Amino acid sequence: MVTLEELQVRTLGECKYDSPLSDYVAARATNAYYVAETDRVLIDDTISLLSARGDTPLTEVPSFEPGGPRRKIFFDPKKTKVGIVTCGGLCPGLNDVIRAIVLELFEHYGVTDITGFKNGYAGLVPGKAPDPITLTPAFVETITDRGGTVLGSSRGSQNIPQIVDNLVHREIDILFVIGGDGSMRGAHAIAEEALARQLPIAVVGVPKTIDNDIPLIGTSFGFQTAYAKAAESIKGARVEVEAAIGGVGVVKVMGRAAGFIACYAALANHDADFVLIPEVPFNLQGENGLLATLRKRVKERGSAVIVLAEGAGQHLTPASRRTDASGNTVLGDFAGFLRAQIARDFKDHDEPLTLRYFDPGYMIRSVPADAADSVYCTRLAQAAVHAAMAGRTDMVIGRPRHRFAHVPISVVVKNTQNVNPDGDLWLSVLESTAQPFNMS
Ligand code: ATP
Ligand code: MG
């Protein structure tokens, strides 16, 4: 469990400047909008969790620094220069985050010097990617109409000292990094290098994970859009297999280590019969195994749909030795293996089979954010700007317990967030699919 000490957010120093937001806040004649620097957001949200810590005073229980505007800020908005970069795979909402950062800086803080670095960390190393671009409210006005990222992205390791040299050369005070776990490790390395050189450069992350597998940040942006899109594919699969004799649909959705998309997409329309996720082991063979259970289901109902998270069943597939440009292991092809096994099993049992495979992965990644995710992206971005202007660094914005909060990068990259096989989400999936509790 994470400690209070680990949750302390690094700051560049004393906040001396009055926040330009005072123009808005003054109209209310209250302190309502400013976050008190002494306030904290508790991690524990039930009496039982809190009591399990014994009689620890509230000031000592693990808690987050709240997100939001500060009365005093670290950077002088008139002189502040900002950079933004997006790295890793695509996810709905990237453009929403970019737009909201630019608008918040421009309209509310009066920061007008904003550079968009192209194609991930490569764009921060001179000569490795197209030149950076200037970001203005006019430029970002309509970028949320499309998915993807206007800044482009990339994988692959870059030289951190060179990145910091470039930030210094360009006089960048704040770098916003929008990306996944790897990007956040990179952001941490940049922040560390800057602090080691005693440079007052704030590095603030807006964590992106379509799999929803980053811990302590609540739900990640784009996740809701992604599972809604995945649910459309599952519905399509249902329609397709219902029309066939012995129809079996396999729908592969994202989820390398965490099966959240598979679970939520399956719950959305009750169209799935089986949900396979990395967190819950299962067997193919045997009386309780997937193949026998699937055959039974098709016999009883005429068809079946299997929703497969891409990281599920890795224990049954030969391990891949390949890695991508960033060093992430390339997963074994369990979806292919499963299809072959189903085909063989139905043939061996002389059962008719119409097998259909759906892989909507890239379609899901590339759609624009839905309205709820757009709102969420905007609010995360605004909180990221408040944090950075107040001199916070080496941290990400999250929304644990539906409260915007600052979380040190070192704690969010330590573990992954997973579907709890003993938790209420997985129970909902079992209830809605009527998939056997145990297939192992
Ligand atoms: P996702 O996996 O969700 O698509 P990601 O941010 O994890 O996103 P990666 O390709 O793993 O995607 O990493 C993005 C960038 O971060 C890459 O340029 C990679 O080299 C860099 N990076 C990853 N880990 C580190 C690290 N420990 N130190 C410095 N840079 C890193
Ligand atoms: Mg990653």
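Residues numbered from 1 in each chain as written. Chains lettered and ligands numbered in written order. Predicted model: local features only at pLDDT ≥ 70, side-chain atom pairs only at ≥ 80, totals over all residues. Heavy atoms only, no water.

Going by the annotation in an unreviewed UniProt entry, the name recorded for the protein is ATP-dependent 6-phosphofructokinase, with Aeromicrobium phoceense given as the source organism. The Subunit (unreviewed entry) comment attached to the protein in UniProt states, word for word, "Homodimer." (UniProt positions renumbered as here; feature names shortened; annotations may be inferred.)

1. As for the pattern of salt bridges
Summed over all chains, the structure comprises 25 salt bridges. In this structure, the salt-bridge partner of R401 is D45, at a minimum N-O distance of 3.3 Å. Of this pair, R401 sits in the loop between strand 16 (395-398) and strand 17 (405-408) while D45 sits in the loop between strand 3 (41-42) and helix 2 (47-51); the two residues are 356 residues apart in sequence, bridging distant segments of the chain. By relative accessible area, which is 41% here, R401 ends up partly exposed. Judged by its relative accessible area of 47%, D45 is partly exposed. Here R392 makes a salt bridge to E65, at a shortest N to O gap of 2.8 Å. Here the residue R392 occupies a position in strand 15 (residues 392-393), and E65 occupies one in strand 4 (residues 63-66), the gap between them amounting to 327 residues. Each member of the pair, R392 together with E65, is buried. (Salt bridge = Lys/Arg side-chain N within 4 Å of Asp/Glu carboxyl O. Helix = DSSP H or I, 4+ residues; strand = E, 2+ residues; numbered from the N terminus. Buried < 20%, exposed > 50% of the residue type's maximum accessible area, 1.4 Å probe, protein only.)

2. Details of the domain arrangement of the protein
Here the protein is partitioned into domain 1 (4-221 + 369-403) and domain 2 (224-366 + 421-433). Between domain 1 and domain 2, the C-alpha centre-to-centre distance is 36 Å. Listed per partner, the contact involves 17 residues of domain 1 and 16 residues of domain 2. Approximately 1,300 Å² of surface area, both sides summed, lies buried where domain 1 meets domain 2, with 50% of it carried by carbon and sulfur atoms. The interface formed by domain 1 and domain 2 includes 1 salt bridge. Two residues, R155 and D324, come together in a salt bridge whose shortest N-O distance is 3.9 Å. Counting the contacts that link domain 1 with domain 2 gives 7 residue pairs in polar contact (both at pLDDT 80 or more). Tallied by class, residues from the side of domain 1 that touches domain 2 come to 6 nonpolar, 6 polar and 5 charged. (Domains from an automatic or database assignment. Contact = heavy atoms within 4.5 Å. Buried area = accessible area lost by both parts, 1.4 Å probe. Polar contact = N/O pair within 3.5 Å; in protein donor to acceptor, adjacent residues only side chain to side chain. Nonpolar A, V, L, I, M, F, W, Y, C, P; charged D, E, K, R; others polar.)

3. Structural notes on the UniProt feature "domain: Phosphofructokinase" (unreviewed entry) in the protein
Under the UniProt annotation, the feature "domain: Phosphofructokinase" (unreviewed entry) is placed at residues 81-387. Helix and strand shares over residues 81-387 are 41% and 15% respectively, and the end C-alpha atoms of the span are 15 Å apart.

4. Considering the packing of helix 5 (residues 160-169) against helix 6 (residues 181-196)
Interhelical geometry of helix 5 versus helix 6 gives an angle of 65° and a closest axis separation of 9 Å. Judged by the sense of rotation from one axis to the other, the crossing of helix 5 with helix 6 is right-handed. Along the contact surface, helix 5 presents I160, P161, I163, V164 and L167, while helix 6 presents G186, A189, I190, E193 and A194. Its residues placed into classes, the contact of helix 5 with helix 6 shows 8 nonpolar, 1 polar and 1 charged. (Axes fitted to C-alpha atoms, helices over the stretch in contact; angles between N-to-C directions. Left-handed = near helix turned anticlockwise from the far one by under 90°.)

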